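Residues per chain are reported as follows:
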Amino acid sequence: GAGVSQSPRYKVAKRGQDVALRCDPISGHVSLFWYQQALGQGPEFLTYFQNEAQLDKSGLPSDRFFAERPEGSVSTLKIQRTQQEDSAVYLCASSLGRALNTEAFFGQGTRLTVV
Amino acid sequence: KQEVTQIPAALSVPEGENLVLNCSFTDSAIYNLQWFRQDPGKGLTSLLLIQSSQREQTSGRLNASLDKSSGRSTLYIAASQPGDSATYLCALRSGGSNYKLTFGKGTLLTVNP
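Residues numbered from 1 in each chain as written. Chains lettered and ligands numbered in written order. Predicted model: local features only at pLDDT ≥ 70, side-chain atom pairs only at ≥ 80, totals over all residues. Heavy atoms only, no water.

Q: Provide a residue-level description of the overall build of chain A, including the pertinent values.
A: When you go through chain A residue by residue, the secondary structure sums to zero helices and 11 strands. What you see in chain A, going N to C, is helices and strands ordered as β-β-β-β-β-β-β-β-β-β-β. Since a compact globule built from 115 residues should have a radius of gyration of about 13 Å, the 13 Å found for chain A is in line with a globular shape. The principal-axis extent of the C-alpha atoms belonging to chain A is close to 40 × 25 × 25 Å. (Helix = DSSP H or I, 4+ residues; strand = E, 2+ residues; numbered from the N terminus. Rg over C-alpha atoms; globule rule 2.2 N^0.38 Å.)

Q: Please set out the interface of chain B and chain A residue by residue, giving values where relevant.
A: Listed by partner, the interface residues are 22 residues for chain B and 23 residues for chain A. When chain B packs against chain A, close to 1,800 Å² is buried across both sides, 51% of that on carbon and sulfur atoms. Where chain B meets chain A, there are one salt bridge. Summed over the shared surface of chain B and chain A, the number is seven residue pairs in polar contact (both at pLDDT 80 or more). Of all the secondary structure elements, the ones that give two or more residues to the side of chain B that touches chain A are β4 (30-38), β5 (44-51) and β9 (86-94) of chain B. Broken down by element, the residue count for the side of chain B that touches chain A peaks at five residues, all from β4 of chain B. (Contact = heavy atoms within 4.5 Å. Buried area = accessible area lost by both parts, 1.4 Å probe. Salt bridge = Lys/Arg side-chain N within 4 Å of Asp/Glu carboxyl O. Polar contact = N/O pair within 3.5 Å; in protein donor to acceptor, adjacent residues only side chain to side chain.)

Q: I'd like a description of the nonpolar core, backed by residues and values.
A: Formed by 23 residues in total, the largest nonpolar core has its most connected members in Leu33, Trp35, Leu75, Ile77, Tyr88 and Leu109 of chain B. Residue assignment for this core shows that the elements contributing at least two residues are β3 (19-25), β4, β5, β7 (62-67), β8 (72-77), β9 and β11 (107-112) of chain B. Beyond its immediate stretch of four places on either side in the chain, Leu33 of chain B contacts Cys23, Phe25, Leu48, Leu49, Ile50, Leu66, Ser73, Cys90, Ala91 and Leu92 of chain B. Counting residues in hydrophobic clusters, the runner-up holds 20 residues, among them Leu21, Ala67, Ile79 and Ala88 of chain A. (Core = buried A, V, L, I, M, F, W, Y, C linked by side-chain atoms within 4.5 Å. Buried < 20%, exposed > 50% of the residue type's maximum accessible area, 1.4 Å probe, protein only.)

Q: Lay out the sheet that holds strand β8 (residues 75-79) of chain A with the relevant residues and their values.
A: Residue and element names in this part refer to chain A. One open sheet holds the four strands; their spatial order is β1-β3-β8-β7, and the pairing between them is antiparallel. The open sheet terminates on both sides in strands that have one partner only, identified here as β1 (5-7) and β7 (65-68). Averaged over all pairs of adjacent strands, the angle between their axes in this sheet comes to 15 degrees, without regard to strand direction. Pairing analysis gives four bridges linking β7 to β8, with the strands arranged antiparallel. What sits directly across from Phe65, in β8, is Ile79. (Pairing = 2+ DSSP bridges. Axes fitted to C-alpha atoms, helices over the stretch in contact; angles between N-to-C directions.)

Q: Requested: an account of the pattern of salt bridges, with residues and values cited.
A: Residue and element names in this part refer to chain A. One pass over the full model with this rule turns up six salt bridges over all chains. Residue Arg22 pairs with Asp24 through a salt bridge whose shortest N-O separation is 2.7 Å. Under the relative-accessibility criterion, Asp24 is labelled partly exposed at 23%. Between Arg64 and Asp86 there is a salt bridge; the shortest N-O distance is 2.8 Å. Of this pair, Arg64 sits in the loop between β6 (53-56) and β7 while Asp86 sits in the loop between β8 and β9 (88-95), and the two are 22 residues apart along the sequence. Summarising the burial analysis for this pair, Arg64 and Asp86 share the class buried.

Structural measurements only, silent on function.
Okay, structure coming up:
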């Protein structure tokens, strides 16, 4: 596709449920990022992939959060045993090169609500 | 730790007015700065990317400037239109983790017809 695609757009999960969020980056983009955006806040960095390698996962809030990009294209962010504080918009971004000097393109996001 | 502040948090203007949105940052050793637009319930749309060696970038009615020494960037919107209503976010890359973007909280702009 022409842009970054995320699915589902909306997800309601019961507390304790596991969820998986998908990101399809722009074809050929080397770098992929996940960000978390709480209501009224700017996005906060979660993790960074360069191709299939996860180079930085320092922003993941807890060990309940796990991200993968096994073939260097599609990425999945998994949250285990969801808690109410996990409610947020999860944004995926990709960029063509190794991120430093290249523009980041964002998807529409997945709005997660934990009830 | 890099901190990004956007002032004002919200701005309401009549249609046709020229306006300036402000972004300030604490660590001037940045690699680049990117302005985004976010519509309600939507993702981020990139507006302008300014490299650290550049002073400004222009796209249509938008002009972004960068002054590293003072830790500031401004986004100038000329002849504002109701369709410009959105949240505008400033984000930058700096420091050792030069791939991650550090965002401000954004300015919510409303352009009234």
